[in-house]
Amino acid sequence: MADFSHNGPIVILTGAGISRESGLSTFRDSDGLWAQYNIEDVATPQAFARNPQGVHEFYNLRRRFMSEKDIRPNAAHHALVRLERDWPGGVLIITQNIDDLHEQAGSKNLIHMHGQCNQVLCSLCGDVRHSPGDLFTDHICKACNQAGGLRPNVVWFGETPYHMDRIAQALVGCGLFISIGTSGTVYPAAGFVDLVSSTSKARIVELNLEPSKGANQYTQAYYGPASEVVPVFIEDLLALCDV
Ligand code: APR
C-alpha cells in the first residue's frame, strides 16, 4: 500500500459490487438487472407515469428477494463498520445502493444518495417512511390519507440524487476517497473522483472486481471480489496509521 500518512476524513462511495457476494445482482454485469429489464420501463419517472403498477412490481420483487433469500451483509460491509469505529478522522459512506446492507452491518454515517428500496415516499405530501412490504397503486399514504401518491423512495434516472450539498462538502474536505464496487457509469456519482482530484490532495483509491470507467484517475487500485479486497485494504490502512 502506498504511504497514507495522515488521519484525515475518509469518504467512501459504494455501488452494487459491494453487495454482489451477499447475493444481490449488480446492474451492468452480464447477469445484472439491466440485462433483464429496460431502464426506461422500470427506473424513470416517465415509466412510473405510464405504468405505475409495473414499476411497483419491479421494486416489490427486489424487496421480496431480499427478505425471502435472507440477504445479509458480507465481509466488505463489516470491514467498513470497523473502519468507521476505529478511524480517528471520521468516515462517511455514500452509497448508490438502495439495499440496507450497510445499516444491517452497523454503519452509522451513511448517505443513501439513490434512496432506499424499503422506504416509501408520498409525492403528494412528501412523507417518507419505512415500508418493507409490497406497494400497490391503491395504497393510501399514512400521513395525508390520500391514494395515488406513493412511490418507492428511490431516485430514478433523470431525478436528482439526495443530499448532494452535503456530499460535495464531504468530497472536497476528505483526505482519502475510496470507491468500491461501482462501474463509474452513472452521474453524478461517476464524477466524484474528478471533484476530489480537482479540489484536494486526497488519495483516491478504487476497490473493484475490475477497472471501472474512471480507473485511470485513481492513484491506487486493488482488483478482486469486495469481500476479499476490502477487508485487506482496511486492515492495512488501520495498521499503517497505527490505530
Ligand atoms: N466485488 C467487487 N466488485 C464487483 C463484484 C464483486 N464481487 N461484482 C461485480 N463488481 C463490480 C463490477 O465489475 C462493476 O464495476 O461492481 C460494479 C457494478 O457496476 P454497476 O452494475 O454499474 O452498478 P453501480 O455502479 O452501482 O450502478 C450505479 O446505476 O442503474 C443504476 O441506480 C443504479 O445505483 C445504480 C447505478
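Above this note sits the structure.
*Asks:* Explain the environment of Ala-226 to me, please; I cannot follow it from the model alone.
*Replies:* Topologically, Ala-226 is positioned in helix α10 (residues 226-240). Assessed through its relative accessible area of 10%, Ala-226 is described here as buried. Not counting residues up to four positions away in its chain, the partners in contact with Ala-226 are Gly-17, Ile-18, Glu-21, Ala-76 and Pro-231.

*Asks:* What is the right way to read the site of the ligand from this model?
*Replies:* Taken together, 23 residues sit near the ligand, with Phe-27, Arg-28, Trp-34, Thr-182 and Ser-183 positioned nearest. In this structure, Gln-96 approaches the ligand through a main-chain N or O atom, which is 3.2 Å from an oxygen atom. Here a nitrogen atom of the ligand and a backbone polar atom of Ala-226 are 2.8 Å apart. Isolated, the ligand exposes 730 Å² of accessible area, and the fraction of that covered by the protein chains is 95%. Of the residues contributing to the shell around the ligand, the split by class is eight nonpolar, 10 polar and five charged.

*Asks:* What's the story with the environment of Asp-31 in this structure? I'm lost.
*Replies:* For Asp-31, the location among the structural elements is in the loop between α1 (17-20) and α2 (33-36). Linking Asp-31 and Phe-48, residues 17 residues apart in sequence, is a C-alpha distance of 24 Å. If near-sequence neighbours (up to four positions away) are discounted, Asp-31 is found in contact with Arg-20, Ser-25 and Gln-36. A polar atom in the side chain of Asp-31 sits 3.3 Å from the side chain of Arg-20.

*Asks:* For this particular structure, what's the right way to read helix α8 (residues 164-172)?
*Replies:* Residues three or four positions apart in an α-helix share a direction because the helix packs 3.6 residues into each turn. Looking only at α8, the buried set comprises Ile-167, Ala-170 and Leu-171. Projection of α8 onto a plane perpendicular to its axis shows the buried side chains occupying an angular sector of 100 degrees, all on one side. Away from the buried face of α8 by more than 90 degrees, exposed residues Asp-165 and Gln-169 are located. At its buried positions, α8 is contacted by β1 (10-14), β2 (91-95), β3 (110-112), β7 (176-180) and α9 (192-199).

*Asks:* Explain the packing of α8 against α9 to me, please; I cannot follow it from the model alone.
*Replies:* The angle between the axes and the distance between the axes are what describe a pair of packed helices. The contact between α8 and α9 brings their axes to 8 Å, and the two run at 45 degrees. Comparing the axis directions of α8 and α9 gives the class oblique. For the pair α8 and α9, the crossing hand works out as right-handed. Two secondary-structure elements touch here, α8 through Met-164, Ile-167, Ala-168, Leu-171 and Val-172 and α9 through Phe-192, Leu-195, Val-196 and Thr-199. Looking at side-chain class alone, the contact of α8 with α9 contains eight nonpolar, one polar and no charged residues.

*Asks:* Please explain the nonpolar core as it appears in this structure.
*Replies:* Ranked by internal contacts, the top residues of the largest apolar core, which has 24 residues, are Ile-10, Ile-12, Leu-83, Ile-178 and Val-230. Considering every element that reaches this core, the biggest residue donor is α10, with seven residues. Among residues more than four places away in sequence, those in contact with Ile-12 are Leu-80, Leu-83, Val-91, Leu-92, Ile-93, Ile-94, Ile-178 and Ile-180. Core analysis: the second largest hydrophobic core is formed by 18 residues, Ile-94, Ile-111, Ala-189 and Ile-204 among them.

*Asks:* What am I meant to see in the sheet that holds β1 here?
*Replies:* Two pairing modes exist for strands in a sheet, parallel and antiparallel, and in both the strands are linked by backbone hydrogen bonds. Pairing within the open sheet is parallel, and its six strands lie in the order β3-β2-β1-β7-β8-β9. Edge strands, defined here as strands with exactly one partner in the open sheet, are β3 and β9 (220-223). Neighbour to neighbour, the strand axes of the sheet diverge by 15 degrees on average, direction disregarded. By the bridge criterion, four bridges tie strand β8 (residues 203-208) to β9 in an arrangement that is parallel. In the sheet register, Val-205 faces β9, and the bridge partner there is Gln-220. Here helix α6 (residues 75-86) sits on the sheet in contact with β1, β2 and β7, set at roughly 165 degrees to β1. Contacting β1, β2, β3 and β7, α8 runs over the sheet at an angle of about 130 degrees to β2.

*Asks:* Is there a simple way to explain the environment of Leu-195 in this structure?
*Replies:* Tracing the sequence through the fold places Leu-195 in helix α9. Accessibility expressed as a relative area gives 28% for Leu-195, which makes it partly exposed. Once the C-alpha coordinates of Leu-195 and Tyr-222 are considered, the two residues, 27 residues apart in sequence, prove to be 21 Å apart. Those residues in contact with Leu-195, other than ones at most four positions away along the chain, are Ala-168, Leu-171 and Val-172.

The rules behind the values
- Residues numbered from 1 in each chain as written.
- Predicted model: local features only at pLDDT ≥ 70, side-chain atom pairs only at ≥ 80, totals over all residues.
- Heavy atoms only, no water.
- Helix = DSSP H or I, 4+ residues; strand = E, 2+ residues; numbered from the N terminus.
- Buried < 20%, exposed > 50% of the residue type's maximum accessible area, 1.4 Å probe, protein only.
- Contact = heavy atoms within 4.5 Å.
- Near = heavy atom within 4 Å.
- Polar contact = N/O pair within 3.5 Å; in protein donor to acceptor, adjacent residues only side chain to side chain.
- Areas by Shrake-Rupley, 256 points an atom, 1.4 Å probe, with all protein chains shown as cover.
- Nonpolar A, V, L, I, M, F, W, Y, C, P; charged D, E, K, R; others polar.
- Arc of directions from axis to C-beta.
- Axes fitted to C-alpha atoms, helices over the stretch in contact; angles between N-to-C directions.
- Parallel < 35°, antiparallel > 145°, perpendicular 65-115°, else oblique.
- Left-handed = near helix turned anticlockwise from the far one by under 90°.
- Core = buried A, V, L, I, M, F, W, Y, C linked by side-chain atoms within 4.5 Å.
- Pairing = 2+ DSSP bridges.

Limitation: the analysis is restricted to geometry and does not speak to function.
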